[in-house]
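# Examination of the molecular architecture
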Amino acid sequence: MPSAPSPVLNPDLLDTGTPPIPQAQGWAKAYDGSHGPLIDLSQAVPGSPPPDALLHRLADAAADPANTRYGAITGDLALREAYAAEIGRIYGAPFAAGNVTITSGCNQAYVVTMMAVARSGDNVLLPTPWYFNHEMTLTMLGVEPRALPCDPAAGFVPDVATAEALIDARTRAIVLVTPNNPTGAVYPQQTIAAFAALCARRGLWLVLDETYRDFLPEGVERPHEVFATSGWQDSVIGLYSFSKAYAVPGWRLGAITAGGTVLGEIGKVLDCVQISPVRAGQAAVTWGIDGIRSWREGNRTEINSRAGLFRQAMAPLNGWRVLSAGAYFAYVSHPFEGAPAAEVARALALQRGVLALPGPYFGPGQEGHLRIAIANVAADRIGILGERLTGFSV
């Protein structure tokens, strides 16, 4: 008898790369400790826990039987109202709870947004270097992640004219991450406004991932003016994560800001993948928006100071160049011409106990680069980076 055919998996999923951070963490496990404790610069995680008051609010909410029940698909009304008021304060424009949907983290916000705006065979422009989960999501959905190269000499800020030349009949959206992961670059307001105008003119969605919005440099209070313009709901979608500013990545809470029509469609997806976000965490963060505001401001100052410390630590090292450094991240070029970035990162972890991520994790044309996550490393640890890198070779 002929053998039965083997079941197959989704080819688009098979074409999607595996999550890269676990591979890098495997290099760290092989480090022998000869240069001191590992300095883990691989992942953007808060370096300290949230205030006790926020944890107590979570405990109280978790003990409330009402929070064991299903909540609203788009998130509990109290948090949507509180977040709408918060972004109204930030952007100087009115928002309603109907403009907000709460998700299980910003990654989920991105996935469901991409499912709403594009289908298999379409394309979405991603500035490179890109956040690898953004590319992975599009690939597994059968959507082409179309690279929009960003010039290091321009601070990795994307160029509108270059983007427009890449648009074709199947382009559905342009994604901007600012402050940026992986480079740390903060896009100027005029750049964001120009991309918003381009998308409105060409009938595309501008998707603004503002996960690191709370860590803008001192004196920059408003990321952009896009949400203050009339008609933004027709072409702009904002994404946000509570993980970084509130130091609660394990709670998995994010938000989408958009017009009611697109949020209605996104609600269909969320009903299938989450039903409702975790309710105890929503209750705690609702209080925390105002309740830990002063703590968040102090944390912002501390995190921003680390970019300067990192530049100081790297300055004396011949061949290493800090191309960009900002909120949470720095992007550097290594001095080993011709050496694959993965080989450099692996050797750095094994020989010197410094774990960074290779540039190619973040898209094409990044072989000479490493991404450094500086926010979760204490200032004194950043200060010894120069010692660890001195004399290092591949």
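See the structure above.
A short tour of the structure in this document, coming up. (Residues numbered from 1 in each chain as written. Predicted model: local features only at pLDDT ≥ 70, side-chain atom pairs only at ≥ 80, totals over all residues. Heavy atoms only, no water.)

## Quick notes on the overall build of the protein
- Regarding its fold elements, the protein presents 14 helices and 13 strands.
- For the protein, the C-alpha radius of gyration of 21 Å lies close to 21 Å, the compact-globule estimate for 394 residues.
- Along the longest, intermediate and shortest principal axes, the C-alpha atoms of the protein span 60 × 60 × 55 Å.
- Across the 394 residues in the protein, those meeting the buried criterion constitute 54%. (Helix = DSSP H or I, 4+ residues; strand = E, 2+ residues; numbered from the N terminus. Rg over C-alpha atoms; globule rule 2.2 N^0.38 Å. Buried < 20%, exposed > 50% of the residue type's maximum accessible area, 1.4 Å probe, protein only.)

## A short note on the environment of asparagine 376
- Among the secondary structure elements, asparagine 376 is positioned in the loop between β13 (369-373) and α13 (379-383).
- Put simply, asparagine 376 and serine 42 are 334 residues apart on the chain and 9.5 Å apart in space, counted from C-alpha to C-alpha.
- Not counting the four nearest positions on each side in its chain, asparagine 376 is found in contact with Asp40, Gln43, Val45, Pro46, Gly47 and Arg306. (Contact = heavy atoms within 4.5 Å.)

## Re the sheet that holds strand β9 (residues 321-325)
- Taking strand neighbours across the sheet as the criterion, the four strands line up as β9-β10-β13-β12 in an open arrangement whose pairing is antiparallel. Only two strands of the sheet have a single partner each, and these edge strands are β9 and β12 (357-358).
- Pairing of β9 with strand β10 (residues 329-333) involves four bridges; the strand directions are antiparallel. Across the sheet, arginine 321 pairs through a bridge with serine 333, a residue of β10.
- Of the strands in this sheet, β9, β10 and β13 touch helix α11 (residues 293-314), which is tilted by about 175° from β9. (Pairing = 2+ DSSP bridges. Axes fitted to C-alpha atoms, helices over the stretch in contact; angles between N-to-C directions.)

## Concerning the pattern of salt bridges
- In the structure shown here, the tally under the stated rule is 15 salt bridges.
- One salt bridge connects glutamate 86 with arginine 89, and the closest N-O pair in it is separated by 3.2 Å. Of this pair, glutamate 86 and arginine 89 both sit in helix α4 (residues 77-91), three residues apart, roughly one helical turn.
- The salt bridge involving glutamate 86 is made with arginine 293; its shortest N-O contact spans 2.9 Å. In this pair, glutamate 86 sits in helix α4 while arginine 293 sits in helix α11, placing the two residues 207 residues apart along the sequence. (Salt bridge = Lys/Arg side-chain N within 4 Å of Asp/Glu carboxyl O.)

## So, the sheet that holds strand β6 (residues 205-209)
- What the seven strands build is an open sheet, ordered β2-β8-β7-β6-β5-β3-β4; its pairing is mixed. Each edge of the sheet is formed by a strand with only one pairing partner; in this case those strands are β2 (100-103) and β4 (144-149). For this sheet the average axis-to-axis angle between neighbouring strands, irrespective of direction, equals 25°.
- Alignment of β6 against strand β7 (residues 236-241), held across four bridges, turns out to be parallel. Following the sheet pairing, valine 207 is matched in β7 by isoleucine 237.
- The strands touched by α4 within the sheet are β2, β7 and β8 (254-257), with β2 carrying the most contacts at an inclination of about 115°.

## Some words on the pairing of strand β5 (residues 171-177)
- Where burial is concerned, most of β5 is hidden: six out of the seven residues are buried.
- Where strand β3 (residues 123-128) meets β5, three bridges bridge the pair, whose relative direction is parallel. Its bridge partner lying in β5, valine 124 is registered against alanine 173.
- Pairing geometry for β5 and β6, over five bridges, is parallel. Its bridge partner being in β6, alanine 173 is matched across the sheet by tryptophan 205.
- Each parallel crossover has a hand, and the one from β5 via helix α8 (residues 189-202) to β6 is right-handed. (Right-handed = clockwise from strand over helix to strand, strands pointing away.)

## Quick look at the side chain of glutamine 274
- Looking at where glutamine 274 falls in the secondary structure, it is placed in the loop between α9 (260-273) and α10 (279-291).
- Note on glutamine 274: relative accessible area 10%, which makes it buried.
- Side chain to side chain, glutamine 274 and serine 104 meet in a polar contact 2.8 Å long.
- Among residues more than four places away in sequence, those in contact with glutamine 274 are Ile73, Ile102, Thr103, Ser104 and Gln108. (Polar contact = N/O pair within 3.5 Å; in protein donor to acceptor, adjacent residues only side chain to side chain.)

## Comments concerning the packing of aromatic side chains
- All told, the structure shown has 18 aromatic pairs when counted by the stated rule.
- Measuring from ring centre to ring centre gives 5.6 Å for phenylalanine 95 and phenylalanine 227, while their planes differ by 80°; the resulting arrangement is edge-to-face. Residue phenylalanine 95 is located in the loop between α4 and β2, and its partner phenylalanine 227 is located in the loop between β6 and β7; the two are separated by 132 residues in the primary sequence.
- The buried category is assigned to phenylalanine 95, whose relative accessible area is 13%.
- Relative accessible area serves as the criterion here: at 4%, phenylalanine 227 is assigned to the buried category.
- A ring pair is formed by tryptophan 320 and phenylalanine 336, whose centres lie 6.1 Å apart and whose planes are at 85°; its orientation type is edge-to-face. (Phe/Tyr/Trp six-rings, centres within 6.5 Å; stacked < 30°, edge-to-face > 60°.)

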